[in-house]
Amino acid sequence: MGIGRRRPTAAATGTATGTAGAASATTAAGAARASGAARAARAAGVAAVALAVTAGTIGTAGAVGAAPEGDGDARRPGVNRLEGVWRTDGYGILVEIHGTDFTTYDVTRVGCTPGFYSGTQVGAPGRDGTVRYGQAGKAYASFSLAPRGRDRAVYQEDGATSARDLTRLPGSLPAQCRQPAAQDALATFDRFWATFDENYPFFAAKGIDWRAKGAQARAGITPQTTTDELQKILVGLLEPLGDAHTALGRKRPGGGYAGVFAGLRPGTAEPTDEVRELSARAVAAQLLAPEQTFGRGLLGVGELPGGIGYLRVSAFDGYVDDGPYQDHAAELDRALDVLLAHPERLNGVVVDLRLNGGGSDELGLRIASRLTDRPFLAYRKVARNDPADPTRFTRPQPSVVRPATGTTRYTGPVALLTAGSTVSAGETFTQAMAERRPAPVRIGENTQGVFSDIMFKPVSAEFVAVLPNEKFLTRSGSTFDGPGIPPNVRTPVFTPEELSQGRDSALTEARRLLSVGAAGAADATDADAADATDATGAVPAGRR
């Protein structure tokens, strides 16, 4: 999953140009948590997030015209062995490589339309045939395409924990992909419905009969259906999903898309600026000194009484204004170096994810690598891979946490603070850390329940659909999509009552458990055990 994997929000708007490697899109949500003028991690909106998701968002360093390290001599032109048309395993995408251009098309049973993502070659192909691509005008690349024989290739985004397999198609791009798509309401509806029908993996889990709902909604569309009326119909199909990785964007007159709908799990709410400000005060009241901030305010490091370190992670991206993945990783490392300057003096570490809007899974694993001295499996990732069969998925790709080298690490007790506003990459980090030993204790509330990369699929000149198509599997093969990852200890999280009194029960409980050495008890409730824990199955604070 690419680095900008925040949940799209309907409140904000932005401008999108449909290019890969759009690190600049992450800047829309890079404001400091303490500033009431910014919504920090989750204020990007459909259009602003669009460029930062799925298609290579924060690139690997490498100046235009220079091959990445290990990819051959940039002075030698090289030969692009990838010229042609490719189909991804899963994702419903065709990729056309022509000259230095990388162009995508979205394919369903009802047709083929231009995709959301494109890119331009950066530097010469490597000796192994690998080609780097990035957003036009940027001095760095953001993803790679590498041949695996003549008819297979692998697509790898920078900052992603997995790759995508591609198969070469014979001949040129299918004719239907070069023909203008019908733009009437019925054709748009059919593309929208088919896009979800062929890619969305959670209809059964959510008890949604998509075919029946689609047929009912389609019956209300006529040649006189207006764009506003069609929007209402499409939103009506999305709302029952209660999925924070689903959204609908609509073309803005000045370009780009405005978010007109963003899903959310029932019973959860978007944190407001007031909640962010008051929660920051409640946390600050327990710190020994004001936190040090990094990453444009999205990272905070502090010290709690009793030799306990505190790390706030409000997002897993947006740490620099614009730059390659390494720049974001380096900023994260700066924060971790301060937190872990003297790991031998720490009696525990609290990682606060309660207002985390997502981002790069890889940056999450980077934190995990500083909190272990042995490798462990974080999760396995699969994507839906058969338009006609929702039970078929791509081969599982494992993501492994490996101990960081050449720097300090901490291996003692950890507490994770989570909430319904812990979203996407904040959740994949939480899932990964459950496999650490000793396992962290999770305190607070269930996470939001969305883990997949999100795809942006234009369904007409007016609308773009946003949806997931992947699962992040535990060791037992189950997932937390829907209800989210439950805490081991349930406490209030930034409720009006707590905030009005300046209290933070979750942080107080984390301090208590770490102080008495109880956090290691979470080993008995790891990721697989938590699969069987329902929304009320966590131990309330004070009963542990």
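Attention here is on the structure that accompanies the text.

The subject of this paragraph is the overall build of the protein chain. In terms of helices and strands, the protein chain carries 12 helices and 23 strands. Of all 544 residues assigned to the protein chain, the portion counted as buried reaches 60%. Considering only intrachain contacts with a sequence separation of at least 6, the fraction spanning at least 24 residues in the protein chain is 72%. For the protein chain, the computed accessible surface area is about 19,800 Å², with 51% contributed by carbon and sulfur atoms.

Overall, the coordinates contain 17 aromatic pairs when judged by the stated rule. Where F102 meets Y133, the ring centres are 5.3 Å apart and the plane angle is 50 degrees; that geometry is what we call tilted. Of the two residues, F102 is situated in strand β3 (residues 101-108) and Y133 in strand β5 (residues 131-134); the sequence distance between them amounts to 31 residues. As far as the burial class goes, F102 and Y133 line up, both buried.

Moving on: the packing of helix α2 (residues 185-199) against helix α5 (residues 227-238). Across the interface, α2 lies against α5 with an axial gap of 11 Å and an inter-helix angle of 15 degrees. Taken together, α2 and α5 sit at an angle that is classed as roughly parallel. In this structure, α2 crosses over α5, and the sense of that crossing is right-handed. Taken together, the residues of α5 that come into contact with α2 (itself represented by A185, T188, F189, F192 and F196) are L230, I233, L234, L237 and L238.

Let us now look at the state of the cysteines. According to the stated counting rule, one finds 1 disulfide in the structure shown. The partner cysteine of C112 in its disulfide is C177, sulfur to sulfur 1.9 Å. On the S-S bond that ties C112 to C177, the torsion sits near 105 degrees, and the link is right-handed. Here the residue C112 occupies a position in strand β4 (residues 111-122), and C177 occupies one in the loop between β8 (163-169) and α2, the gap between them amounting to 65 residues.

On to the sheet that holds strand β15 (residues 376-383), then. Ordered in space as β16-β15-β21, the 3 strands form an open sheet in which the pairing is antiparallel. In this open sheet, the two strands that pair with only one neighbour each are β16 (397-401) and β21 (470-473). Put simply, the sheet's adjacent strands are angled 25 degrees from each other on average, direction ignored.

A few words now on the nonpolar core. By size, the foremost hydrophobic cluster in this structure holds 41 residues, and its most contacted members are F192 and F196. Those elements that place two or more of their residues in this core are β2 (93-98), β5, β6 (143-147), β7 (152-157), α2, α4 (210-218), α5 and β20 (463-468). Once residues lying within four places of it in the same chain are set aside, the contact partners of F196 are F203, W210, L238, L241, T246, R384, A465, V466 and L467. Counting 40 residues, the second largest nonpolar core, distinct from the first, contains L346, V401, L416 and F451.

For strand β17 (residues 414-418), the tally of buried residues reaches 5 of 5 residues, placing the bulk of the element in the interior. Across the two faces of β17 the burial is the same, with V414, L416 and T418 and A415 and L417 all buried. With 4 bridges connecting them, strand β14 (residues 348-352) and β17 associate as parallel partners. Bridge assignment links D352 to a residue of β17, and that residue is L417. As paired elements, β17 and strand β18 (residues 441-444) share 4 bridges and run parallel to each other. Bridge pairing in β18 places L417 opposite I443. What joins β17 to β18 is helix α9 (residues 425-433), and the crossover it makes is right-handed.

Here we take up the pattern of salt bridges. Scanning the model with the defined rule gives 27 salt bridges in all. Measuring nitrogen to oxygen at the nearest pair gives 2.9 Å for the salt bridge that ties R132 to D158. Residue R132 is found in strand β5, and its partner D158 is found in the loop between β7 and β8; the two are separated by 26 residues along the sequence. For D158, a relative accessible area of 8% gives the class buried. A salt bridge links R281 to E277; the shortest N-O distance between them is 2.8 Å.

Parameters and conventions
- Residues numbered from 1 in each chain as written.
- Predicted model: local features only at pLDDT ≥ 70, side-chain atom pairs only at ≥ 80, totals over all residues.
- Heavy atoms only, no water.
- Helix = DSSP H or I, 4+ residues; strand = E, 2+ residues; numbered from the N terminus.
- Buried < 20%, exposed > 50% of the residue type's maximum accessible area, 1.4 Å probe, protein only.
- Contact = heavy atoms within 4.5 Å.
- Areas by Shrake-Rupley, 256 points an atom, 1.4 Å probe, with all protein chains shown as cover.
- Phe/Tyr/Trp six-rings, centres within 6.5 Å; stacked < 30°, edge-to-face > 60°.
- Axes fitted to C-alpha atoms, helices over the stretch in contact; angles between N-to-C directions.
- Parallel < 35°, antiparallel > 145°, perpendicular 65-115°, else oblique.
- Left-handed = near helix turned anticlockwise from the far one by under 90°.
- Disulfide = S-S within 2.5 Å.
- Pairing = 2+ DSSP bridges.
- Core = buried A, V, L, I, M, F, W, Y, C linked by side-chain atoms within 4.5 Å.
- Right-handed = clockwise from strand over helix to strand, strands pointing away.
- Salt bridge = Lys/Arg side-chain N within 4 Å of Asp/Glu carboxyl O.

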